[in-house]
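# Structural description and commentary
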Amino acid sequence: YRSPVDKKDLHQVFPGNKDGTITERIAYTITDKIIKKSDYYIDMHSGEFNEQVCDFVSYLYDCPNADLCNKSKKLALATGNKYLIPYRFNSGPDNYSDVSAIQLGVAALFLVWGDSGIVKPEELELCKKSILNVMRTIKMLEGEAIINKHPIYLTEQKTLTGNYSGIFYPLVKKEQYVRKGMLLGYTTDYFGNILEEFVSPISGLVFAVYNGPTINKGEQAVFVAKVNDESEE
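This text gives an overview of the structure that appears in the document. (Residues numbered from 1 in each chain as written. Predicted model: local features only at pLDDT ≥ 70, side-chain atom pairs only at ≥ 80, totals over all residues. Heavy atoms only, no water.)

Of regular secondary structure, the chain possesses four helices and 13 strands. Here the C-alpha radius of gyration of the chain, 19 Å, is about what a compact globule of 233 residues would show, namely 17 Å. With respect to the three principal axes, the spread of C-alpha positions in the chain is 60 × 45 × 35 Å. In the chain, the proportion of contacts linking residues at least 24 apart, taken out of those at least 6 apart, comes to 67%. Within the structure as shown, the chain displays about 12800 Å² of accessible surface, and the carbon and sulfur contribution to it stands at 51%. If you average the places of the 26 positive and of the 30 negative side-chain charges in the chain, the two averages end up 2 Å apart. (Helix = DSSP H or I, 4+ residues; strand = E, 2+ residues; numbered from the N terminus. Rg over C-alpha atoms; globule rule 2.2 N^0.38 Å. Contact = heavy atoms within 4.5 Å. Areas by Shrake-Rupley, 256 points an atom, 1.4 Å probe, with all protein chains shown as cover. Lys, Arg positive; Asp, Glu negative; His and termini not counted. Charge placed at Lys NZ, Arg CZ, Asp CG, Glu CD.)

Structure below.
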């Protein structure tokens, strides 16, 4: 997650600093040379080796500039992705690149496709079709664009974070439906003694879970969200 040079996560240092550390300078260059010169911006990610993550697209709503949020949601629908995650503007960290883009007047998306360090041909094909459809939607390419009329919205996202360092044992998988109070996983010390249990605070869908096996105090373990036919906007 972090640069071996300055121990910082590029994902969390935007808009960057031209006089900062190497990671901050990279973020500044992306912001200054790419985002500021763009009309639309898509931050494309995949899950890390230790992550199971549903393919999802997130977008911001309730922005100071309503038109930007509307454009961003239109892009999200154009990806054709099954899961959409709406985030209220300024409800969380403002150092992500898509948030910086909105602040600079650029419609933006954040997406995660693929996980566990595995490249699947069918996922690559889906990504290609999705981005080409986005380009048709904003008239970068000719052709009829398709809009996803029935996405699944993941709302009221809950993150379960570890209070201890040790070995994490997940008991659920991504895209698994769970009920409030269900045991999702637990952490043991290095001798097998249980230190902590992770219980779902809501009924919903597991949209990400870390495989570990190691977990450090303060690290995220499981992500759960409510499933809705409509967004919470």
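Position of Leu205 relative to the elements: it lies in strand 11 (residues 204-210). What makes Leu205 buried here is its relative accessible area of 0%. Once residues lying within four places of it in the same chain are set aside, the contact partners of Leu205 are Cys54, Tyr83, Leu154, Glu175, Gln176, Tyr177, Phe223, Val224, Ala225 and Val227. (Buried < 20%, exposed > 50% of the residue type's maximum accessible area, 1.4 Å probe, protein only.)

With that out of the way, let us pick up the side chain of Asp55. When you line up the elements, Asp55 lands in the loop between strand 2 (51-53) and strand 3 (56-61). Despite its burial, Asp55 pairs with no opposite charge; the closest candidate is Lys174, at 5.4 Å N-O. In terms of polar contacts, Asp55 uses its side chain to reach the backbone amide nitrogen of Gly114, at 2.9 Å. Each residue touching Asp55, except ones within four places of it in the same chain, is listed here: Asn81, Tyr83, Val112, Trp113, Gly114 and Glu123. (Salt bridge = Lys/Arg side-chain N within 4 Å of Asp/Glu carboxyl O. Polar contact = N/O pair within 3.5 Å; in protein donor to acceptor, adjacent residues only side chain to side chain.)

Pairing analysis gives two bridges linking strand 4 (residues 83-88) to strand 6 (residues 152-161), with the strands arranged parallel. Residue pairing for strand 6: Tyr83 is matched across the bridge by Ile152. Of the pairings in the sheet, the one linking strand 6 to strand 13 (residues 220-228) comprises seven bridges and is antiparallel in character. The residue bridging Lys158 from the neighbouring strand is Val224, located in strand 13. (Pairing = 2+ DSSP bridges.)

A few words on the packing of helix 2 (residues 66-78) against helix 4 (residues 121-137). Geometrically, a packed helix pair is captured by the angle between its two axes and the distance between the axes. One way to put it is that helix 2 packs onto helix 4 with a least axis distance of 8 Å and a crossing angle of 140°. Comparing the axis directions of helix 2 and helix 4 gives the class oblique. With respect to the hand of their crossing, helix 2 and helix 4 are arranged in right-handed fashion. Residue-level inspection shows Lys74, Leu75 and Ala78 of helix 2 in contact with helix 4, the latter providing Ser130, Asn133, Val134 and Thr137. Tallied by class, the residues present in the contact of helix 2 with helix 4 amount to three nonpolar, three polar and one charged. (Axes fitted to C-alpha atoms, helices over the stretch in contact; angles between N-to-C directions. Parallel < 35°, antiparallel > 145°, perpendicular 65-115°, else oblique. Left-handed = near helix turned anticlockwise from the far one by under 90°. Nonpolar A, V, L, I, M, F, W, Y, C, P; charged D, E, K, R; others polar.)

This part takes up the state of the cysteines. Under the definition given, this model contains one disulfide. For the unlinked cysteine Cys54, the closest cysteine sulfur is that of Cys127, found at 14 Å. In this structure Cys127 comes out as buried when scored by relative accessible area, which is 17%. (Disulfide = S-S within 2.5 Å.)

If you walk across this open sheet you meet the four strands as 10-9-7-12, and the pairing is antiparallel. The sheet is open, and its two borders are formed by strand 10 (194-199) and strand 12 (214-215), each paired with just one other strand. Across four bridges, strand 7 (residues 166-170) lies against strand 9 (residues 183-188) in antiparallel orientation. Its bridge partner being in strand 9, Tyr169 is matched across the sheet by Tyr186.

Counted by the stated rule, this structure contains nine salt bridges. A salt bridge links Lys8 to Glu24; the shortest N-O distance between them is 2.9 Å. Here the residue Lys8 occupies a position in the segment before helix 1 (22-33), and Glu24 occupies one in helix 1, the gap between them amounting to 16 residues. The exposure class assigned to Glu24 is buried, which follows from its relative accessible area of 18%. Look at the salt bridges and you will find they share partners, linking Asp32, Lys33 and Lys36 into a network.

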